[in-house]
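Coordinate inspection notes
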Amino acid sequence: MKQIQFILFAFFALTVISCGGNRSSDGLSGEITIDGSSTVYPITEAVAEEFRNVGPDVRVTVGVSGTGGGFKKFARGETDISNASRPISESEAALCKENGVEFIELPVAYDGLAVVVNPANDFVDYLTVAELKKIWEPAAQGEVTSWSQVRAGWPDEPINLYGAGVASGTYDYFTEAVMGEAKSSRGDYTASEDDNVLVQGVSGDKNALGYFGLAYYEENQKKLKLVPIDDGNDANGAGPVSPSMESVSNGTYQPLARPEFIYINAASADRKEMKAFVKFYLENAPQLVKEVGYVPLEAEAYVFAAQKFEKGVTGTIFGSGTSVVGISMVELLKQETGAAAGTVRDTTSAAENPASSQ
Amino acid sequence: MRIREKIIEGLLFLCSAITVLTTFGILFVLLSESIKFFSEVSIIDFLTDKEWTPLFADKQFGIMSLVSGTLLTTFIAILVALPLGLTIAVYLNEYADRRFTEVVKPILEILASIPTVVYGFFALLFVTPMLQQAFPSMSGFNALSAGLVMGVMILPYVSSLSEDALRAVPKSLREAAYGMGSTKFQTAFRVMIPAASSGIIVSVILAISRAIGETMIVAIAAGQEPKLTLNPLESVETITTYIVQVSMGDVPRDSLEYRTIFAAGITLFVFTFALNNISVWVRKKYQQKYE
């Protein structure tokens, strides 16, 4: 992921330099400020890069402050779009309201983590979240060293661990989902930001257990064996669930899958270049999301999301206690775009009065 | 004329000054960052703790986990390079035809010019799978395969320098040995090698020093898991690999995590500095014996 980010950055830098001199007259110009989650960053950055072919005079800057840091700036009205790897929290939404910032919430992709073992491993049929925690929690450091300690009946073979490096979003995500606290993990494992190293490690070690982005599993299916995960909650699929495009997108592969969002400042959304950018984002997301290693939403979901943006439906559907788990994005968006007359803003009046939109 | 001489002299001085100043510059940076590191982490913990996890929630700073990785891979490399290199040197100097030596020696030295990244992938993708046939429980990253390949890489250091040392032994010694009725084998191993021992020791020390500082092979093939172990079948992390890993990650500058690489760097420096000094000392002390 890191390399992709770097390449994107390099492209970005080059494009900025090369675009400095030419002013085309297709009408789109201005600046779009984006900040927020590092997990969503690769998607948004890829879109921003492609968007330069459409609107070369629009300056799109994408920052990485983390989801929380991004929302802080967003609530102060400093950014036009906030990348988020979780829905906006109640307190963040309240802060926005306080400052008079209205927002449009759009899901853009799913992110899934694959837990894998070596293909020669014939005893691991599935893992529960509690077992994952037992293996990876800080207290396990130097203590949990053999498979037999994980589940009775498993062989007394050493367990060799391969996982994300501490600087990656995958690490934050895995530790939060499994341990319940971000950055809480044992340290005695092969840690690398480069997922290829992890694939190589697990594929060459019959006692290995590793985790990384689902995209990397799909590229290396023959060298790895996927481990289904049981979260002990029958509401989102009973028993162990294997990650796949389907189980990630329908919310049954929990807790190692989650939707990714962008939040758009409703006032900024009236600007011509913003309309073009968001439209471009949703149109190109299915392809770009896959390219940068995430799972795209259902094709329909992007259509509904575009409608939602057109209509200017504001607010969050994940308000009081609505969980992201086990919800179909399509259903959710359909509901919102259909029965949301109350919150539809009158975009035409704002457009007629440019002063208010600045 | 005098002015030209002065200018040339000045230029020559400048060239040597640049190398010396660079050394001091590196040393200064290493020391100043390490001092900051050791003001936060006790040097006793640094040397005695059994775990090295500075990037994680439960921070441990036991450099020995990294040192053991470095020493283990280096030891395996020397185990390959010393007997093999010495045998090659003896063969080329005592048994082989002179013309044969002239052809083979440069070819051997090609081994040293293969990019180390190539060696690294050779170890990971060729040697490791082969070793796994013999040791099925061996980890995909392991000290053994990295050490073996590193041994091949430093082989020319040992064979070439030892051959030079053997060649420098006065002819009279060999002739005396034959005159006493020694066989070729006895002459080579009982007379020539002891006579050339200072040069051979220096060659081995230089090879060790090269192996300790080697980065690419171990970073690719030996793994990235700091572990206090002497089992060559397990994955280990060397000091150099750790430095690479941290410098390529997102560790913020001026943090304790960032300074760990300087502490690791100075540990590495202490090793190679000591080894180089020992080699200079050996050379000085024993060299003139036969001249």
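In what follows, the accompanying structure is described. Remember, it's a predicted structure, so these values are computed and weren't measured experimentally.

Now for the overall build of chain A. Across its full length, chain A holds 14 helices and 11 strands. The buried share of chain A, reckoned over its 358 residues, is 48%. The contacts in chain A between residues at least 6 apart in sequence include a share of 76% that link residues at least 24 apart.

One recurring pattern in soluble globular proteins: nonpolar side chains tend to sit buried together. A:Ile43, A:Ala109, A:Leu113, A:Tyr263 and A:Ile264 are the most contacted members of the largest nonpolar core, which totals 98 residues. Sorting elements by how many residues they give to this core places strand 4 (residues 103-117) of chain A first, with 11 residues. Dropping the residues within four chain positions of it, A:Ile43 is found in contact with A:Val108, A:Ala109, A:Glu260, A:Leu288, A:Val289, A:Val292 and A:Tyr294. Core analysis: the second largest hydrophobic core is formed by 65 residues, B:Phe61, B:Ala77, B:Leu148 and B:Val236 among them.

Okay, the environment of B:Leu125 next. Residues and elements named next belong to chain B. Its location among the elements puts Leu125 in helix 5 (residues 116-134). Classification of Leu125 by C-beta neighbours within 10 Å gives partly exposed; the count is 13. Residues Leu125 and Gly140 lie 15 residues apart in sequence; the distance between their C-alpha atoms is 9.3 Å.

Moving on: the interface of chain A and chain B. Contacts between the two partners involve 22 residues from chain A and, on the opposite side, 18 residues from chain B. Elements that contribute at least two residues to the side of chain A that touches chain B include exactly strand 7 (190-192) and helix 7 (195-203) of chain A. Split by residue class, the side of chain A that touches chain B holds 5 nonpolar, 13 polar and 4 charged.

All names here are of chain A. Burial analysis of strand 8 (residues 208-213) places 6 of its 6 residues in the buried class, the great majority of the element. Direction of pairing for strand 4 relative to strand 8: antiparallel, over a ladder of 5 bridges. Bridge pairing in strand 8 places Ala114 opposite Phe212. The pairing of strand 6 (residues 160-164) with strand 8 spans 3 bridges and is classified as parallel. Each residue of the ladder has a partner; that of Leu161, found in strand 8, is Leu209.

This part is about the packing of helix 1 (residues 2-40) of chain B against helix 12 (residues 256-286) of chain B. In a packed pair of helices, the relevant descriptors are the angle between the two axes and the axis-to-axis distance. All names here are of chain B. Between helix 1 and helix 12, whose axes approach to 8 Å, the crossing angle comes to 120°. Helix 1 and helix 12 meet at a crossing whose hand is left-handed. Every residue of helix 12 that contacts helix 1 at Leu30, Glu33, Ser34, Lys36, Phe37 and Glu40 is listed here: Leu256, Arg259, Thr260, Phe262, Ala263, Gly265, Ile266 and Phe269. A class-by-class count of the residues in the contact of helix 1 with helix 12 yields 7 nonpolar, 3 polar and 4 charged.

Analysis parameters
- Residues numbered from 1 in each chain as written.
- Chains lettered and ligands numbered in written order.
- Predicted model: local features only at pLDDT ≥ 70, side-chain atom pairs only at ≥ 80, totals over all residues.
- Helix = DSSP H or I, 4+ residues; strand = E, 2+ residues; numbered from the N terminus.
- Buried ≥ 20, exposed ≤ 12 C-beta atoms within 10 Å, placed from the backbone.
- Contact = placed C-beta atoms within 7 Å.
- Core = buried A, V, L, I, M, F, W, Y, C linked by C-beta atoms within 7 Å.
- Nonpolar A, V, L, I, M, F, W, Y, C, P; charged D, E, K, R; others polar.
- Pairing = 2+ DSSP bridges.
- Axes fitted to C-alpha atoms, helices over the stretch in contact; angles between N-to-C directions.
- Left-handed = near helix turned anticlockwise from the far one by under 90°.

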